[in-house]
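# Descriptive structure summary
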Amino acid sequence: MALRTLASLGSLAGKRVIVRVDFNVPLKEGVITDDGRIRAALPTLNYLINQGARIIACSHLGRPDGAPDPKYSLEPVAQRLSELLGKRVAFAGDTVGDAAQSTAAGLADGEVAVIENLRFDPGETAKDEGERRAFAEQLAALGEALVSDGFGVVHRKQASVYELAEILPSAAGFLIEKEVDVLDRLTENPERPYAVVLGGSKVSDKLGVIEHLLPRANKILVGGGMAYTFLAAQGFKVGKSLLEADQFDTVKGYIAKADELGVELILPVDSVMASAFSADADHVVAQADALEDTPYGPEGMGLDIGPATERIFADAITSSRTVFWNGPMGVFEMPAFASGTKAVAQALTEVNGLSVVGGGDSAAAVRQLGFTDDQFGHISTGGGASLEFLEGKKLPGLEVLGWEG
Ligand code: ADP
Ligand code: MG
């Protein structure tokens with residue numbers, strides 16, 4: 001069954017509509033350092049405003065542990081939202097108490113309120129279903145319908161994500177609809193050739209994704225820290241590079257499986273080896289079969305893919321029609337080791353087809369390296385949620401909206 005969309009809720013004019021968004025933005029001393037998640041909610045909020053709905057936006061922020069904590073107040077977020085919408089946004093200083101109730105009741109058509117952090121109440125994330133349901137009933141009293149649009153939390157069975165969607169008439173907002181549409185195209189009938197580019201620090205974080213996507217892709221490209229486990233499993237010495245020796249058998253299994261299915265598994269042919277894990281460390285390029293033949297010997301560590309690998313990866317990417325990329329190719333946070341990540345990001349912008357970036361650090365990397373969101377087909381807003389979707393897992397926050405995969 002398909003996701004219930006906004007249209008399925010009928011006319012929302014004059015109705016109090018709770019919108020579960022993901023406003024979990026990074027804050028530094030009360031100042032929002034990246035408002036991308038607030039911007040991602042705007043299409044749904046503007047649609048509801050134009051419909052004349054009375055909007056009660058709710059979200060979590062950080063991990064306040066089930067009690068009010070001013071450090072995690074959504075008040076600065078409400079202010080930023082007001083700037084982005086270009087209109088007043090009311091803020092309720094509690095989640096389901098007097099302030100929330102009177103704020104919700106006082107809204108006129110097309111007006112917007114934000115209620116305080118959902119995780120100030122222990123019911124939001126309670127393990128006990130009864131406690132979650134009790135909190136969801138209190139939330140439900142604030143509105144007449146729920147629009148669920150916090151894609152970053154759909155893999156969590158939490159009161160505002162799951163139970164609330166059972167209690168009120170509910171549907172997915174535009175952000176969830178778009179995420180599901182794009183991620184589904186990466187798992188069902190992708191346009192071919194289909195390349196999956198994986199990097200990041202650990203193989204063990206990405207086992208589920210590799211297992212699910214390997215049989216669906218035409219090419220799997222492996223870079224980043226996880227590549228050294230693949231290289232080591234093939235008998236190469238990797239010095240002090242990141243290594244998960246306990247994954248050798250798993251990785252060998254992937255190599256065999258790719259071979260059996262005719263999937264091209266492309267590993268780095270060279271690597272940037274550094275004398276230490278530091279931004280100003282000495283570094284040289286080494287061939288994949290000679291990673292310890294550098295001035296640093298077995299003390300060297302691989303912190304980026306090398307230039308020959310960049311070219312091979314870029315060709316494999318630009319010659320594909322569907323590309324999914326998760327995980328930086330190197331320690332992009334240090335400029336000396338950002339080249340591989342930049343080359344892969346650049347190649348994705350040149351894909352003649354669908355290019356998707358997933359993963360929190362990967363999304364941060366493309367923005368930090370100066371790319372803009374509109375250069376990619378899609379940058380997923382949900383790190384954990386998008387990976388779990390691509391692992392083929394059932395996500396409670398989507399199932400409750402009618403999605404059956
Ligand atoms: P994402 O959040 O996009 O899923 P990950 O969390 O898996 O990505 O990995 C991101 C981290 O991987 C980055 O902090 C980056 O510095 C690190 N990384 C990438 N390549 C290497 C490497 N060769 N050695 C050490 N760390 C690496
Ligand atoms: Mg990460």
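Relevant structure appears above.
Figured I'd write up the structure that's included with this text. It should be emphasised that the depicted structure is a prediction, and the values quoted were computed from it without experimental measurement. (Residues numbered from 1 in each chain as written. Chains lettered and ligands numbered in written order. Predicted model: local features only at pLDDT ≥ 70, side-chain atom pairs only at ≥ 80, totals over all residues. Heavy atoms only, no water.)

## A short note on the overall build of the protein
Operational definition: Helix and strand assignments follow DSSP, with helices taken as H or I runs no shorter than four residues and strands as E runs no shorter than two, numbered in order from the N terminus. As a reference, a globule follows 2.2 Å times the number of residues to the power 0.38, and the radius of gyration itself is taken over C-alpha atoms. For each residue, the accessible area found with a 1.4 Å probe, counting protein chains only, is set against the maximum for its type, and the residue is called buried under 20%, exposed over 50%, and partly exposed in between. Residue contacts are defined here by distance: any two heavy atoms, one from each residue, within 4.5 Å place the two residues in contact. Shrake-Rupley sampling with a 1.4 Å probe provides the accessible areas, and residues are treated as covered by the protein chains on show and by no other component. Note on charges: Lys and Arg go in the positive column, Asp and Glu in the negative column, and His and the chain ends are not counted at all. Charged groups are reduced to one reference atom each: NZ for lysine, CZ for arginine, CG for aspartic acid, CD for glutamic acid.
When you go through the protein residue by residue, the secondary structure sums to 14 helices and 17 strands. For 405 residues, the compact-globule estimate of 2.2 N^0.38 gives 22 Å, and the protein sits close to it at 23 Å. On the principal axes, the C-alpha backbone points of the protein span a range of 70 × 45 × 40 Å. For the protein, the proportion of its 405 residues judged to be buried stands at 55%. The long-range fraction of contacts in the protein, counting pairs at least 24 apart against all pairs at least 6 apart in sequence, stands at 75%. Just so you have it, the protein exposes about 16400 Å², and 47% of that area is on carbon and sulfur atoms. For the protein, the separation between the mean place of its 36 positive charges and that of its 56 negative charges on side chains is 3 Å.

## Examining the packing of helix α10 (residues 307-318) against helix α11 (residues 339-349)
Note the threshold: Comment: axis = line fitted to C-alpha atoms, over the contacting stretch for helices; angle = value between 0 and 180 degrees taken between N-to-C directions. Note on angle classes: values under 35 degrees are labelled roughly parallel, values over 145 roughly antiparallel, values of 65 to 115 roughly perpendicular, and the remainder oblique. We call a crossing left-handed when the near helix sits turned anticlockwise from the far one by less than a right angle, and right-handed when that turn is clockwise. Residue polarity follows a fixed list, in which Ala, Val, Leu, Ile, Met, Phe, Trp, Tyr, Cys and Pro are nonpolar, Asp, Glu, Lys and Arg are charged, and the others, Gly among them, are polar.
With their axes 9 Å apart at the nearest point, α10 and α11 run at an angle of 20 degrees to one another. On the basis of the axis angle, α10 is roughly parallel to α11. Considering only the axes of α10 and α11, their crossing is right-handed. Along the contact surface, α10 presents Glu310, Phe313, Ala314, Ile317 and Thr318, while α11 presents Ser339, Gly340, Ala343, Val344, Ala347 and Leu348. Taken together, the residues of the contact of α10 with α11 break down into seven nonpolar, three polar and one charged.

## Let's talk about the nonpolar core
Applied cut-off: Definition used in this section: a nonpolar core is a set of buried Ala, Val, Leu, Ile, Met, Phe, Trp, Tyr and Cys residues joined via side-chain atoms within 4.5 Å.
Ile176 and Leu398 are the most contacted members of the largest nonpolar core, which totals 72 residues. Leaving out residues up to four positions away in the same chain, Ile176 has contacts with Leu3, Ser148, Asp149, Gly150, Phe151, Val154, Leu398 and Leu401. Grouped together as the second largest cluster of nonpolar side chains are 30 residues, Ile55, Ala78, Val114 and Ala171 included.

## Structural notes on the pattern of salt bridges
Using the following cut-off: Just to be clear on terms, a salt bridge is a Lys or Arg side-chain nitrogen sitting within 4 Å of an Asp or Glu carboxyl oxygen.
Going through the model one piece at a time under the given rule, you end up with 15 salt bridges. Note that Glu166 is salt-bridged to Arg133, the shortest N-O span being 2.5 Å. Residue Glu166 is located in helix α5 (residues 163-167), and its partner Arg133 is located in helix α4 (residues 129-140); the two are separated by 33 residues in the primary sequence. Judged by relative accessible area, which is 29%, Arg133 ranks as partly exposed. Glu191 is the salt-bridge partner of Arg321, the closest N and O atoms lying 3.6 Å from each other. Of this pair, Arg321 sits in the loop between α10 and β15 (322-326) while Glu191 sits in the loop between α6 (174-185) and β9 (194-198), placing them 130 residues apart in sequence. Since its relative accessible area comes to 32%, Arg321 is described here as partly exposed. Each member of the salt-bridge network shares a partner with another, and the members are Asp35, Arg39, Arg80 and Glu83.

## Quick word on the site of ligand 1
Rules: By convention in this text, a residue qualifies as near a molecule or strand provided that one of its non-hydrogen atoms is within 4 Å of it. Two N or O atoms form a polar contact when they lie within 3.5 Å of each other; inside protein one atom must be a possible hydrogen donor and the other a possible acceptor, and for residues adjacent in sequence the pair counts only when both atoms belong to side chains. With a 1 Å grid laid over protein atoms only, a set of points is called a cavity when a 1.4 Å probe fits there but cannot get out and a pocket when it is open yet has protein on both sides within 12 Å along at least five of seven lines; lining residues have an atom within 4 Å of a point. Cavities and pockets are treated as containing a molecule whenever more than half of the molecule's atoms lie within 2 Å of their grid points.
Taken together, 19 residues lie around ligand 1, and Lys206, Gly302, Glu333, Asp361 and Ser362 are the ones closest in. The backbone of Gly302 places a nitrogen or oxygen atom 3.0 Å from a nitrogen atom of ligand 1. Relative to its unbound accessible area of 580 Å², ligand 1 is 86% covered by the protein chains. Under a 2 Å grid-point criterion requiring more than half of the atoms, the pocket assigned to ligand 1 is the second largest pocket.

## Section: helix α12 (residues 360-368)
Selection criterion: Note: the arc covers the axis-to-C-beta directions of the helix.
Residues of α12 that are buried include every one of Ser362, Ala363, Ala365 and Val366, and no others. Taken around the axis of α12, the buried residues stretch over an arc of 155 degrees, which confines them to a single face. Opposite its buried face, α12 presents the exposed residues Gly360 and Asp361, each directed more than 90 degrees away. For α12, the secondary structure elements touched by its buried residues are β15, α11, β16 (354-358) and β17 (378-379). Note on α12: the residue one or two positions beyond its end, Gly370, has a positive phi of about 95 degrees.

## Details of the sheet that holds strand β1 (residues 16-20)
Condition: Only strands joined by at least two bridges in the DSSP assignment are considered to pair.
Read across the sheet, six strands follow the order β5-β6-β4-β1-β7-β8 without closing on themselves; strand pairing throughout is parallel. The sheet is open, and its two borders are formed by β5 (89-92) and β8 (170-172), each paired with just one other strand. Between one strand axis and the next, the sheet turns by 25 degrees as a mean value, whatever way the strands run. Looking at chain direction, strand β7 (residues 145-148) and β8 are connected through three bridges and run parallel. Of the residues in β8, the one forming a bridge with Val147 is Ala171.

## Structural notes on the environment of Asp373
Among the structural elements, Asp373 can be located in the loop between α12 and β17. Separated by 16 residues in the primary sequence, Asp373 and Val357 place their C-alpha atoms 9.7 Å from one another. With residues near it in sequence (within four places) discarded, Asp373 still touches Arg367 and Ile379. A polar contact is formed between the side chain of Asp373 and the side chain of Arg367, at a distance of 2.9 Å.

The analysis is restricted to geometry; functional conclusions fall outside its scope.
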